[in-house]
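Residue-level structure breakdown
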Amino acid sequence: QVQLVESGGGLVQAGGSLRLSCAASASGRTFTDYVVGWFRQAPGKEREFVSAIARRGGNAWYEDAVKGRFTISRDNAKSTVYLQMNSLKPEDTAVYYCAADSGVILSSIRVPAQYDYWGQGTQVTVSS
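Residues numbered from 1 in each chain as written. Predicted model: local features only at pLDDT ≥ 70, side-chain atom pairs only at ≥ 80, totals over all residues. Heavy atoms only, no water.

1. Here's the deal with the state of the cysteines
- All told, the structure shown has one disulfide when counted by the stated rule.
- Each disulfide pairs two cysteine sulfurs, and for Cys-22 the partner residue is Cys-98, the sulfurs being separated by 2.1 Å. Every disulfide takes its handedness from the sign of the S-S torsion; for Cys-22 and Cys-98 that torsion is 65 degrees, giving right-handed. Of the two residues, Cys-22 is situated in strand 3 (residues 18-26) and Cys-98 in strand 9 (residues 94-101); the sequence distance between them amounts to 76 residues.
- Using a relative accessible area of 1% as the deciding quantity, one classes Cys-22 as buried.
- Residue Cys-98 is classed as buried on the basis of its relative accessible area, which comes to 0%. (Disulfide = S-S within 2.5 Å. Helix = DSSP H or I, 4+ residues; strand = E, 2+ residues; numbered from the N terminus. Buried < 20%, exposed > 50% of the residue type's maximum accessible area, 1.4 Å probe, protein only.)

Here it is, written out as structure tokens:
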């Protein structure tokens, strides 16, 4: 089981940057057992995939709309995953959630239902 706590959200102007953090507390398994993903949900929309990172950080995946602007990373010694968000746009406004799972397969890494553990979310608002 793993507990996830996001932080780092806020209000920023278009073109600005934010860094989100997802701090994990795992029991029964180690943090490196988990693939970690970031998802976001805007009002009236479904939760969508943003990015994910492999267990030891060797591979990362991104939604096309954020490629080149967002960077995911993880510090396994600190049990924390980061999402550096640059060149933010108003359409990036959403609640951002981190999620973790020990059994997600690569073909389903973008599917929210594949993740068993979720944080409470952090609001990101980008003004134009």
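Resuming the write-up.
2. Comments concerning the pattern of salt bridges
- Under the definition given, this model contains six salt bridges.
- Put simply, Glu-48 and Arg-40 hold a salt bridge, and the shortest N to O gap is 2.6 Å.
- Residue classification places Glu-48 among the partly exposed residues on the basis of a relative accessible area of 32%.
- Of the residues examined, Arg-40 reaches a relative accessible area of 5% and is grouped as buried.
- The residue Asp-92 makes a salt bridge to Arg-69 at a minimum N-O spacing of 2.7 Å. Of this pair, Asp-92 sits in the loop between strand 8 (80-85) and strand 9 while Arg-69 sits in the loop between strand 6 (60-62) and strand 7 (70-75); the two residues are 23 residues apart in sequence, bridging distant segments of the chain.
- What makes Asp-92 buried here is its relative accessible area of 0%.
- For Arg-69, a relative accessible area of 10% gives the class buried. (Salt bridge = Lys/Arg side-chain N within 4 Å of Asp/Glu carboxyl O.)

Function cannot be read off these values alone, since they describe shape.
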